[in-house]
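Take a look at the letters that make up each chain.
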Amino acid sequence: MDAERLKGFAELIVRVGANVQEGQEVIIQAELDQPEFIKLLAEECYKAGAAEVNVEWSYQPLKLVNVKYKSLDRLGEIKKWEHEKLIHRRDTLPAMIYILSEDPNGLDGMDQEKWGKAVQMRWGIIKPIRDAMENKHQWCIAAVPGVEWARKVFPDCTDDEAVEKLWEAILYTSRAEGDAVAAWREHNAELKLRCEYLNSLGLRELRYTAPNGTDLTVGLIPEAQFLAGSEKTLGSGITYNPNIPSEEVFTSPMKGRAEGIVYSTKPLSYRGVMIENFSIRFENGKVAEVHAEKNEDTLKTMVAMDEGAAMLGECALVPCDSPISNSGIMFYNTLFDENAACHLALGDGFTGCVKDYEKYSLEELRELGINNSMIHEDFMIGFEALDILGVTEDGREIQIFKNGNWAF
Ligand code: ZN
């Protein structure tokens, strides 16, 4: 890939995505296979005024070895020095940049139960830190092509060709070409218009129906809004874009208010395992039954991670007619696939969806109906035959989606 275009992409992530501020610390999380791009990214962070850039590397094959050989007690432990690091993060509010490049199947065969338990054990210490940082610092997720990932997306190409093609696809769908800053400003403005209309309706329910069997009603929180694109940090008021790309208009639904069944329309890569052709049935807002043609056990482990993992934390509206779905590429990566189709997420909701959320305490926001969980997993339910009806407080029905696209 052309060096100038890579530099432009790094700039987009730093300036528009994380919007790194003068004197701020930055933490980049990345896979070990991307040293050149991460160096480029760190340099852009410094040019934007970062005081310090630290990278936390991960490597899927090493994770497999660790999960296999380490005792559960050690896997689930947070040592004192690590806790101090997290507290430093809480107190300094760094910008976080997550660069995805991993193999969608890279953790196949990992002991999911053991890993899930370790995550649960660590959560007791991580949760209060996460809560204290919520909405207060900028973060951004973007992607660069790893070889294994590219091979999976373009199985008929050589490795080099596949990586190049995935770069093209990422840059195109991320609106990273030309004057990317202006393109993102315009894109954000369009998304905000959709939100304004939806928020003016006073919707209380979304009803999803499709010929594949999907028939699901989800309750909405009266105080919650639909959001899209850029967000603002609490207190410091810094605008940032958490996802590059981002096509979705989303809200956090009322936890405990979902009834019916929903069928997946794309596979879900959860912790490196592909769950395929699955359905989830909700009863009284909670997952009552799941089926999957592939990796049903992983899906069951996922919904049992904690109480909130069996309830919804996100309803996102994405038309079939978007750059990502029009590209026709199945990315096997949630960041892209979630922006190509309507989706729901199990697990943690977004407190920032509540109007004037800064006036509430975190507990009050949870009480309004924002779900609370250690997981947040998007799964795709949209396709060209999905209809969504909105129901207002006074019982009026308004068509929101018709045949997979916006009805307004
Ligand atoms: Zn989403």
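Notes on the structure follow.

Calculation criteria
Residues numbered from 1 in each chain as written. Predicted model: local features only at pLDDT ≥ 70, side-chain atom pairs only at ≥ 80, totals over all residues. Heavy atoms only, no water. Salt bridge = Lys/Arg side-chain N within 4 Å of Asp/Glu carboxyl O. Buried < 20%, exposed > 50% of the residue type's maximum accessible area, 1.4 Å probe, protein only. Helix = DSSP H or I, 4+ residues; strand = E, 2+ residues; numbered from the N terminus. Pairing = 2+ DSSP bridges. Axes fitted to C-alpha atoms, helices over the stretch in contact; angles between N-to-C directions. Disulfide = S-S within 2.5 Å. Core = buried A, V, L, I, M, F, W, Y, C linked by side-chain atoms within 4.5 Å. Contact = heavy atoms within 4.5 Å. Donors = N, O, S within 2.8 Å, 3.2 Å for Na, K, Ca; no water. Tetrahedral: all angles 85-135°; square planar, octahedral: opposite > 155°, others 65-115°.

### Structural notes on the pattern of salt bridges
At step 1: Following the criterion strictly, the structure yields 29 salt bridges and no others.
At step 2: In this structure, the salt-bridge partner of Arg90 is Asp91, at a minimum N-O distance of 2.9 Å.
At step 3: Look at Arg90 and you get partly exposed, because its relative accessible area is 32%.
At step 4: Residue Lys127 is joined to Asp131 by a salt bridge in which the shortest nitrogen-to-oxygen separation is 2.8 Å. Placement of the pair is Lys127 and Asp131 together in helix α6 (residues 112-133), with a separation of four residues, close to one helical turn.
At step 5: On the basis of relative accessible area, Lys127 is assigned to the partly exposed category, the value being 22%.
At step 6: It is possible to trace a salt-bridge network through shared partners that takes in Lys7, Glu11, Glu44 and Lys47.

### So, the sheet that holds strand β1 (residues 25-31)
At step 1: Strand order in the open sheet formed by four strands is β2-β1-β3-β4, with parallel pairing between adjacent strands. What marks the edges here is a single partner per strand, and that holds for β2 (52-58) and β4 (139-143). Geometrically, the sheet is characterised by an average inter-axis angle of 15° between neighbouring strands, direction not taken into account.
At step 2: Bridge analysis of β1 against strand β3 (residues 95-100) gives four bridges, and the strand direction is parallel. Counterpart to Ile27 in the pairing with β3 is Met96.

### Here we look at the sheet that holds strand β15 (residues 312-317)
At step 1: Across the sheet, five strands lie side by side as β7-β10-β15-β16-β17; this open sheet has antiparallel pairing. Of all strands in the sheet, those bounded by a partner on one side alone are β7 (227-228) and β17 (376-380).
At step 2: Direction of pairing for strand β16 (residues 343-347) relative to β17: antiparallel, over a ladder of five bridges. Within β17, the position partnered with Leu344 by the bridge is Phe379.

### Some points on the state of the cysteines
Here a disulfide denotes a covalent bond joining the sulfur atom of one cysteine to the sulfur atom of another.
At step 1: Counted under the stated rule, the structure contains zero disulfides.
At step 2: As a non-bridged cysteine, Cys45 has Cys140 as the owner of its nearest cysteine sulfur, 10 Å distant.
At step 3: Assessed through its relative accessible area of 0%, Cys45 is described here as buried.
At step 4: Classification of Cys140 by relative accessible area gives buried; the value is 0%.

### Here's the deal with the nonpolar core
At step 1: If you look at the biggest cluster of nonpolar residues, it comprises 56 residues, and the most contacted ones within it are Tyr208 and Ile400.
At step 2: Apart from residues no more than four positions distant in its own chain, Tyr208 is found in contact with Thr214, Asp215, Leu216, Val218, Cys315, Leu344, Ile381, Leu386, Asp387 and Ile388.
At step 3: Within the second largest apolar cluster, 51 residues are counted, among which are Ile38, Ala48, Ala143 and Phe154.

### Brief notes about the pairing of strand β19 (residues 397-402)
At step 1: Pairing of strand β18 (residues 387-392) with β19 involves four bridges; the strand directions are antiparallel. Among the inter-strand pairings, Gly390 is bridged to a residue of β19, identified as Ile398.
At step 2: Connecting the antiparallel pair β18 and β19 is a turn made up of four residues, with Gly395 showing a positive phi of about 85°.
At step 3: Strand direction decides the pairing type here: β19 and strand β20 (residues 405-406), joined by two bridges, are antiparallel. Pairing of Lys402 across the sheet is with Asn405, part of β20.
At step 4: Linking β19 back to β20 in an antiparallel pair, the connection comprises two residues, with Asn403 at a positive phi of about 50°.

### Concerning unusual backbone geometry
At step 1: Residue Pro245 follows Ile244 across a cis peptide bond; omega there is 5°.
At step 2: If you trace the backbone, Pro245 turns up in the loop between β9 (239-240) and β10 (249-251).
At step 3: For Asn135, which is not a glycine, the phi torsion comes out positive at approximately 65°.
At step 4: Mapped onto the fold, Asn135 is located in the loop between α6 and β4.
At step 5: Of note, the phi angle at Asn284 is positive, near 50°, even though the residue is not glycine.
At step 6: Within the secondary structure, Asn284 is located in the loop between β13 (273-283) and β14 (286-294).

### Looking at the coordination of the zinc ion
At step 1: Coordination of the zinc ion by the protein comes from Glu248 (OE), Glu314 (OE), Glu338 (OE) and His343 (NE2), over a distance range of 2.0 to 2.4 Å.
At step 2: Given four donor atoms and angles of 80 to 170° at the metal, the environment of the zinc ion is assigned as irregular.
At step 3: Spacing between the donor residues of the zinc ion along the chain follows E-x65-E-x23-E-x4-H. In this pair, Glu248 sits in the loop between β9 and β10 while His343 sits in strand β16, placing the two residues 95 residues apart along the sequence.
At step 4: Relative accessible area serves as the criterion here: at 5%, Glu248 is assigned to the buried category.
At step 5: Since its relative accessible area comes to 0%, His343 is described here as buried.

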